[in-house]
Amino acid sequence: MEYQEKLSPEECHDMNDIRSEIDGIDEAIVALLGRRFQYVKSAAKFKTSESSVRAPERFEAMLKKRREWALEQGLSPDVIEKMYRDLVNHFIHEEMQKWKQEPQMNSTSN
């Protein structure tokens, strides 16, 4: 889902306008997270071991990049890191479950 801003923050006339815009943004964020999760599940077919599912080096590099993006947007890098750490740990758990359920794919993938 793509978010289409109806009113800029400066154009909002009241709290209903603001809440409506925030709800639209949050709906788009949740939809994008759902799409991200589809890619995570699809990645399981390319993993050859539990360590490749967990990919600790990639995880830390991803968190570092999200911290940079947070700073660029004027957000707290600590808050964004925590959010992504929690989210991605959940996704890793889900990916691990999928990976364990499809052992035939694990032996033929990279």
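Below: a short report on this structure. The shown structure was predicted, so the numbers you read here are calculated from the model rather than taken from an experiment.

### Let's talk about the packing of helix α3 (residues 56-72) against helix α4 (residues 77-101)
- In contact at an axis separation of 9 Å, α3 and α4 are set at 145 degrees when each is read in the N-to-C sense. Crossing geometry of α3 relative to α4 is assigned as right-handed. Residues Phe 59, Glu 60, Met 62, Leu 63, Arg 66, Arg 67, Ala 70 and Leu 71 of α3 touch α4, and the partners they reach there are Pro 77, Asp 78, Ile 80, Glu 81, Tyr 84, Arg 85, Val 88, Asn 89 and Ile 92.
- Looking at side-chain class alone, the contact of α3 with α4 contains 10 nonpolar, 1 polar and 6 charged residues.

### Some thoughts on the pattern of salt bridges
- Following the criterion strictly, the structure yields 7 salt bridges and no others.
- Arg 85 is the salt-bridge partner of Glu 60, the closest N and O atoms lying 3.8 Å from each other. With Glu 60 in helix α3 and Arg 85 in helix α4, this residue pair connects regions lying 25 residues apart in the sequence.
- In this structure Glu 60 comes out as partly exposed when scored by relative accessible area, which is 43%.
- A salt bridge links Glu 81 to Arg 67; its shortest N-O distance comes to 2.7 Å.

What counts and what doesn't
Residues numbered from 1 in each chain as written. Predicted model: local features only at pLDDT ≥ 70, side-chain atom pairs only at ≥ 80, totals over all residues. Heavy atoms only, no water. Axes fitted to C-alpha atoms, helices over the stretch in contact; angles between N-to-C directions. Helix = DSSP H or I, 4+ residues; strand = E, 2+ residues; numbered from the N terminus. Left-handed = near helix turned anticlockwise from the far one by under 90°. Contact = heavy atoms within 4.5 Å. Nonpolar A, V, L, I, M, F, W, Y, C, P; charged D, E, K, R; others polar. Salt bridge = Lys/Arg side-chain N within 4 Å of Asp/Glu carboxyl O. Buried < 20%, exposed > 50% of the residue type's maximum accessible area, 1.4 Å probe, protein only.

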